[in-house]
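# Fold and contact review
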Amino acid sequence: MLAAETEHNPLIPAPAELIFGTISFAIVLLLVGWKLVPQIQKTLAERTDAIEGGLKRAEEAQREAQATLANYQAQLAEARTEAARLREKAREEGAQIVAEMREQAQAEARRIVEAAQATIEAERQQALQQLRTEVGALSVELAGRVVGEALTDQATQSRVVDRFLAELEDRTRAQEPA
């Protein structure tokens, strides 16, 4: 039986090893709890702060971006309104300029027509006067040949010319279609 007692169960450690292992484990546990755990907690707290700070900064940046976007959209809407107002003003000014130019052109056309009519009337009067003079001279000469004597008296010549022109105008009116 001694042999059986000397045989040792591999699952149960020797008492010296058990004491040494327990003391070593306690020393390691104390060192880890004293040095390592506070360092790990400090690192975790820093990471938590960094993540939360990053989230807060991201939220702040998001709010600023939204405020800037709203500001830009308001400025864009204002610029569009201003552009529409300027286009309308330019359109009105263009229409006014066109109307003024049209009015000036019509006034210039009337002035040119009136000047042309005045010139035509003056030339017509001058042509009539020349025609009267020439017809008068021819009628005096013709009347002198018909009568057989020269009509040298100015008053007689004037009466003969006036009578001849009156008869000529009456014949012309009678021949014109009504």
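Position numbers for residues count from 1 along each chain, tracking the sequence in the order it is written. With the structure being a predicted model, the display of local features is reserved for residues of pLDDT at least 70 and the display and counting of side-chain atom pairs for 80 or more, all residues being used for whole-chain, interface and lining totals. Each side-chain value is derived from all of the structure's non-hydrogen atoms; neither hydrogens nor water enter the calculation.

## Describing the overall build of the chain
Looking only at helices and strands, one finds 3 helices and 0 strands in the chain. Taken over C-alpha atoms, the radius of gyration comes to 65 Å for the chain, far larger than the 16 Å a tight globule of 178 residues would show. Classification of the 178 residues of the chain by burial places 7% in the buried group. For the chain, the exposed area adds up to about 15,800 Å²; of that, 61% sits on carbon and sulfur atoms. The numbering of helices and of strands both runs from the N terminus, where a helix is a DSSP run of H or I of at least 4 residues and a strand a run of E of at least 2. Atoms counted for the radius of gyration: C-alpha only. Globule rule: 2.2 Å times the number of residues to the power 0.38. The buried label goes to any residue with under 20% of its type's maximum accessible area, the exposed label to any with over 50%, and the partly exposed label to all in between, with areas taken from a 1.4 Å probe on protein chains only. Residue-level accessible areas treat just the shown protein chains as cover; the underlying method is Shrake-Rupley with a 1.4 Å probe.

## Considerations on a nonpolar patch on the surface
Only residues whose relative accessible area exceeds 30% and that form no salt bridge enter a patch; like-charged residues are grouped when within 9 Å of one another, and nonpolar side chains (Val, Leu, Ile, Met, Phe, Trp, Tyr) when within 5 Å. Each salt bridge in this description consists of a side-chain nitrogen of Lys or Arg and a carboxyl oxygen of Asp or Glu lying within 4 Å of one another. On the surface, a cluster of nonpolar side chains totalling about 480 Å² of accessible area is made up of Val28, Val32, Leu36, Val37, Ile40 and Leu44. When you line up the elements, Ile40 lands in helix α2 (residues 15–147).

## Quick notes on the layout of surface pockets
Throughout, the protein atoms alone are placed on a 1 Å grid, and a set of points is a cavity if a 1.4 Å probe fits but cannot get out or a pocket if it is open with protein on both sides within 12 Å along at least five of seven lines; lining residues have an atom within 4 Å of a point. Grid points are joined across faces, edges and corners, and a volume is the space filled by probe spheres set on the points. Size it by volume and the largest pocket reaches roughly 220 Å³. What lines the largest pocket is simply Leu128, Leu131, Arg132, Val135, Leu165, Leu168, Glu169, Thr172 and Arg173. Where the lining of the largest pocket is concerned, the elements lending two or more residues are α2 and α3 (154–175). With 5 residues, the single largest contributor to the lining of the largest pocket is α3. Partitioning the lining of the largest pocket into residue classes produces 5 nonpolar, 1 polar and 3 charged. Following the grouping adopted for this structure description, the nonpolar residues are Ala, Val, Leu, Ile, Met, Phe, Trp, Tyr, Cys and Pro, the charged ones are Asp, Glu, Lys and Arg, and the polar ones are all others, Gly among them.

## A few points about α3
Counted at 1.5 Å a residue, the expected span for α3 with its 22 residues is 32 Å, and the 31 Å between its end C-alpha atoms agrees. Regarding α3, the residues found buried are Gln157, Val160, Val161 and Leu165. Relative to the axis of α3, the buried residues are bounded by an arc of 125° and lie together on one face. In α3, the exposed positions that point more than 90 degrees away from the buried face belong to Arg159, Arg163, Arg173 and Ala174. To estimate the expected span of a helix, count its residues, drop one, and scale the result by 1.5 Å. Here the arc refers to the set of directions running from the helix axis out to each C-beta atom.

## A closer look at the packing of aromatic side chains
How two aromatic rings sit relative to each other is set out by the distance from centre to centre and by the angle between their planes. The pairing test for Phe, Tyr and Trp rings, Trp by its six-membered ring, is centres within 6.5 Å, and the orientation test on the planes gives stacked under 30 degrees, edge-to-face over 60, and tilted for anything in between. A full pass over the atoms with the stated rule returns 0 aromatic pairs. Against the face of Trp34 rests Lys35, its NZ or CZ located 4.8 Å from the ring centre. Two conditions define a charge sitting above a ring: the NZ of Lys or the CZ of Arg must be within 6 Å of the ring centre, and it must be within 35 degrees of the ring normal.

## Focus on the environment of Ala109
Along the chain, Ala109 turns up in helix α2. According to the relative accessible area criterion, Ala109 is partly exposed, its value standing at 39%. For Ala109 and Ala65, which are 44 residues apart along the polypeptide, the C-alpha to C-alpha distance reads 64 Å.

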